[in-house]
Each structure stands twice: as C-alpha cells, then as structure tokens.
Amino acid sequence: MNNTNRFKMLISTGSFCLASLATPVTLAETTDRAWQGPKAYIGAGASAARLDNAKVADNDIATGDLSDFDDDRVTGQVYGGVMLAPWFGLEAGYLHLPEYKDNGFEIDGSGVSAAAVLAAPVGDRTELYAKGGQVWWDVDVDGPLGFDAEIDGSDWFYGAGVNFGLMPNLGLRLEYTRYELDGGDGEADLDLATVGLHYSF
C-alpha cells in the first residue's frame, strides 16, 4: 500500500470516528431543543355544565335540564400549572360552580383544585392529556321552608382533553371533567365540557 492510499484510509477512519462521537452529542442537543422545560402556563375557560344525582339533606333534587348540556348553562374557570417533563405536570385551578334555581332550591358555589397531569404528544402542535386530583369546594344552599345550609367537601376528580398549539406560546384546550361531590349534607355528580385558552412562558 503506497503512502497516498494509507493517507486516504487514515482520513476515512478518522472521519468515521469523529462522526460516531458526534452523533450522541447531536442527539442530545436535538433533545434539549425539543424540551426546554420546565414550562409554566396560565389559562381560562368557559364550561358547559351538567349536574346529576343531586341530593340535599338526603332529599333527591330533580335537576331538570341541568342533567343535560342542552340548556346552554355555562360557568367559568381559571387554571395554571407547570410541566416538569414533556409527559408530566402539576396544575391548580379555580372553578365557579354552576348556579341552580329550581324546585324551591337555590345553589351557588365554587371550588379550587390541584391535579397531576399526564401528557402525550400526537403531533408537532397537538397533545392528549389526562389529569386527576383533589377539589375543595363549598356551596350555599337556600331551600323551601327556610332551609339554609353551607355545604363543603373535598373529593377526587378526573378528566381528559386535548391541547392544540395555535402559536408558539398560545394554545387551545378542549376538556371533559367529572367531579363527584359529596359533602355530607349534599352531593352531586358534576360534568364539565370546557373550551379554554392558555399561555405558556
């Protein structure tokens, strides 16, 4: 083998070694660019509400149209959280419970929540997620014959949804959530279908 061929083989071998060493670094840099967390976000949403299986002081309440989404009853919520990894985060929220007036009862209340979030990307700008946690709630109930009560409780809730990226820092959220409320003197199943916007920073 002449010197020219040795030189060419040396260059080829050296280039292969450098490429092999550089590949993990390049992959690591790509991964770092893909996930630049933790990522915090805040948002607000409007929720169509459905209330079912309601009881106050062991008395069943016929919630009428409230047991369906067709009555266009809308309530609001605000939320914020932080994604600690691409697939895991923590979220807190404030929810205004839907007002209810029927059959001699008037119910109004609110709740705060804390949840864990599991997320899975399904595209460049879309991710599916599920969440579950605890909600602390209280309601004021006025009823017939001078019935007046303040009912509160802490219960588990769960939900799932999808986030769509509209712009680099702005996203659209579609979510369905179930709250199973049981405060001793009052209980109900509350379902919310939510459309929200959130900002990441």
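Residues numbered from 1 in each chain as written. Predicted model: local features only at pLDDT ≥ 70, side-chain atom pairs only at ≥ 80, totals over all residues. Heavy atoms only, no water.

Draft legend 1. Region of the structure containing the overall build of the protein. Within the protein, the regular secondary structure consists of one helix and nine strands. If you list the helices and strands of the protein from N to C, you get α-β-β-β-β-β-β-β-β-β. Sorting the 201 residues of the protein into buried and exposed places 34% on the buried side. Contacts spanning at least 24 positions in sequence make up 57% of the contacts within the protein whose residues lie at least 6 apart. (Helix = DSSP H or I, 4+ residues; strand = E, 2+ residues; numbered from the N terminus. Buried < 20%, exposed > 50% of the residue type's maximum accessible area, 1.4 Å probe, protein only. Contact = heavy atoms within 4.5 Å.)

Draft legend 2. Fine view of the confidence of the model for the protein. Per-residue pLDDT for the protein has a mean of 77; in total, 69% of the residues score no lower than 70. Element-level pLDDT for the protein is lowest in helix α1 (residues 3-34), with a mean of 41, against a maximum mean of 93 in strand β3 (residues 74-85). Within the model, the stretch residues 3-33 combines pLDDT values under 50 with two contacts to residues more than four positions away or in other chains. Within the model, the stretch residues 64-70 combines pLDDT values under 50 with 18 contacts to residues more than four positions away or in other chains. (pLDDT = per-residue confidence, 0-100.)

Draft legend 3. Summary view of a nonpolar patch on the surface. Taken together, the side chains of Phe164, Leu166, Met167, Leu174, Val195 and Leu197 make up a nonpolar region of the molecular surface, amounting to roughly 510 Å² of accessible area. The residue Met167 is located in strand β7 (residues 148-167) in this model. Looking at Met167, the relative accessible area reads 49%, which means it is partly exposed. (Patch = residues over 30% accessible without salt bridge, like charges linked within 9 Å, V, L, I, M, F, W, Y side chains within 5 Å. Areas by Shrake-Rupley, 256 points an atom, 1.4 Å probe, with all protein chains shown as cover. Salt bridge = Lys/Arg side-chain N within 4 Å of Asp/Glu carboxyl O.)

Draft legend 4. Fine view of the environment of Leu174. Relative to the assigned elements, Leu174 resides in strand β8 (residues 170-182). For the pair Leu174 and Phe164, spaced 10 residues apart in sequence, the C-alpha to C-alpha distance is 8.5 Å. If near-sequence neighbours (up to four positions away) are discounted, Leu174 is found in contact with Tyr129, Ala160, Gly161, Val162, Phe164, Thr194 and Val195.

Draft legend 5. Geometry of a negative patch on the surface. A cluster of acidic side chains, namely Glu99, Glu106, Asp108, Asp138, Asp140, Asp142, Asp148, Glu150 and Asp152, defines a negative patch on the protein surface. Listing elements by their share of the negative patch, those giving two or more residues are β5 (105-121), β6 (126-142) and β7. Assignment of secondary structure puts Asp140 in strand β6. Classification of Asp140 as partly exposed rests on a relative accessible area of 41%. (Lys, Arg positive; Asp, Glu negative; His and termini not counted. Charge placed at Lys NZ, Arg CZ, Asp CG, Glu CD.)

Draft legend 6. Geometry of the nonpolar core. Membership of the largest hydrophobic core comes to 20 residues, with the highest contact counts inside it found for Val139, Tyr179 and Leu190. Counting only elements with at least two residues in this core, the list comes to β1 (39-56), β4 (88-102), β5, β6, β7, β8 and β9 (186-200). Per-element accounting of this core gives the leading share, four residues, to β6. Val139 has contacts with Leu97, Ile107, Asp108, Gly109, Ala149, Glu150 and Ile151, leaving out every residue within four places of it along the chain. By size, the runner-up hydrophobic cluster in this structure holds six residues, among which are Tyr79, Val117, Ala119 and Tyr129. (Core = buried A, V, L, I, M, F, W, Y, C linked by side-chain atoms within 4.5 Å.)

Draft legend 7. Structural context of the packing of aromatic side chains. Under the defined criterion, the tally for this structure stands at three aromatic pairs. A centroid spacing of 5.8 Å and a plane angle of 50 degrees characterise the contact between Trp87 and Phe88, whose relative ring orientation is tilted. The class of Trp87 is exposed, set by a relative accessible area of 54%. By relative accessible area, which is 25% here, Phe88 ends up partly exposed. (Phe/Tyr/Trp six-rings, centres within 6.5 Å; stacked < 30°, edge-to-face > 60°.)

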